[in-house]
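For reference, the chains in residue letters:
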Amino acid sequence: MALVLSFFLSCQAIAKDFVSLEQEIARFSSAVAETELAEGRHGFALIEPLHSLGKIQFQANLFSDAEKSIDRAIQIARFSDGLYSPMQYPLLQTAIDIELARGDWGKVNEKLEHYTWLISRQYQGEARPRIEQARWIADVRLKAFQGDSEEMRAP
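Heads up: these notes are all about the structure in this document. Fair warning: this is a prediction, and the values are worked out from it, not measured in the lab.

1. A look at the environment of isoleucine 56
Piece 1. Mapped onto the elements, isoleucine 56 comes out in helix H2 (residues 47–59).
Piece 2. Measuring from C-alpha to C-alpha, the distance between isoleucine 56 and glutamate 22 comes to 8.8 Å, with 34 residues separating the pair along the chain.
Piece 3. When near neighbours in sequence (up to four residues on either side) are disregarded, isoleucine 56 contacts Leu21, Glu24, Ile25 and Phe28.

Encoded structure:
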């Protein structure tokens, strides 16, 4: 009986969490729509609400929606602030996290290679954040190595 009650309560908590995620998705979707109306489809002000929307979609396991939101934010950052804009660093990290969660090691590698190139060759900013980003890259490479199939690993 206690086990059934425990299971029931955990299901309620999960359902409540999902409902709150749905509400957050609706709130950020609305913010994106309002900002788009005020600033235009490619307005710089869209970057933050799109990033927030993508992170919430990612938490809700809506990977395709999250990927679209983040990709759009990256494109706006590049268009508005330049191809090597530091504004895209956290966006690229989120895009890589999405592919890690999907287990799509090909896309993880592709996006990580671009991010590594951007940080190593075109970096704009202070030294300390650059070191933190290099550590993050190393952590992702380790996760990708551990998660990838043995036949795909380098000898």
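Next comes the rest of the description.
2. As for the side chain of threonine 94
Piece 1. Within the secondary structure, threonine 94 is located in helix H4 (residues 89–102).
Piece 2. Filtering out sequence-adjacent residues up to four positions away, threonine 94 remains in contact with His51, Lys55 and Ile70.

3. Considerations on the nonpolar core
Piece 1. In terms of nonpolar packing, the biggest core is built from 33 residues, with Leu91, Ile96, Tyr115, Trp136 and Val140 touching the most fellow members.
Piece 2. At the level of secondary structure, the elements contributing two or more residues to this core comprise helix H1 (2–39), H2, helix H3 (63–81), H4, helix H5 (105–121) and helix H6 (127–147).
Piece 3. The element that contributes the greatest number of residues to this core is H4, accounting for seven residues.
Piece 4. In this structure valine 140 touches Ile96, Leu100, Val108 and Leu112, once residues within four positions along its chain are discounted.

4. Looking at the packing of aromatic side chains
Piece 1. Under the counting rule described, the total for this entry stands at five aromatic pairs.
Piece 2. Both rings, one in phenylalanine 58 and one in phenylalanine 63, keep their centres 5.8 Å apart while their planes meet at 50°; by these two values the pair is tilted.
Piece 3. Judged by its relative accessible area of 22%, phenylalanine 58 falls in the partly exposed class.
Piece 4. Between tyrosine 115 and tryptophan 136 the ring centres are 5.6 Å apart and the planes differ by 80°, which places this aromatic pair in the edge-to-face class. On the criterion of sequence distance, the pair formed by tyrosine 115 in helix H5 and tryptophan 136 in helix H6 is long-range, its members being 21 residues apart. One exposure class covers both tyrosine 115 and tryptophan 136, and it is buried.

5. Some thoughts on H5
Piece 1. For H5, spanning 17 residues, the distance from its first C-alpha to its last is 23 Å, which sits close to the expected 24 Å at 1.5 Å a residue.
Piece 2. Residues Val108, Lys111, Leu112, Tyr115, Leu118 and Ile119 constitute the buried set of H5. Seen from one end, H5 has its buried residues packed into an arc of 120°, which puts them on one side. Within H5, the exposed residues directed more than 90 degrees away from the buried face are Glu110 and Arg121.
Piece 3. Against H3, H4 and H6 lie the buried residues of H5.

Reading the values: the criteria
- Residues numbered from 1 in each chain as written.
- Predicted model: local features only at pLDDT ≥ 70, side-chain atom pairs only at ≥ 80, totals over all residues.
- Heavy atoms only, no water.
- Helix = DSSP H or I, 4+ residues; strand = E, 2+ residues; numbered from the N terminus.
- Contact = heavy atoms within 4.5 Å.
- Core = buried A, V, L, I, M, F, W, Y, C linked by side-chain atoms within 4.5 Å.
- Buried < 20%, exposed > 50% of the residue type's maximum accessible area, 1.4 Å probe, protein only.
- Phe/Tyr/Trp six-rings, centres within 6.5 Å; stacked < 30°, edge-to-face > 60°.
- Expected span 1.5 Å × (residues − 1).
- Arc of directions from axis to C-beta.

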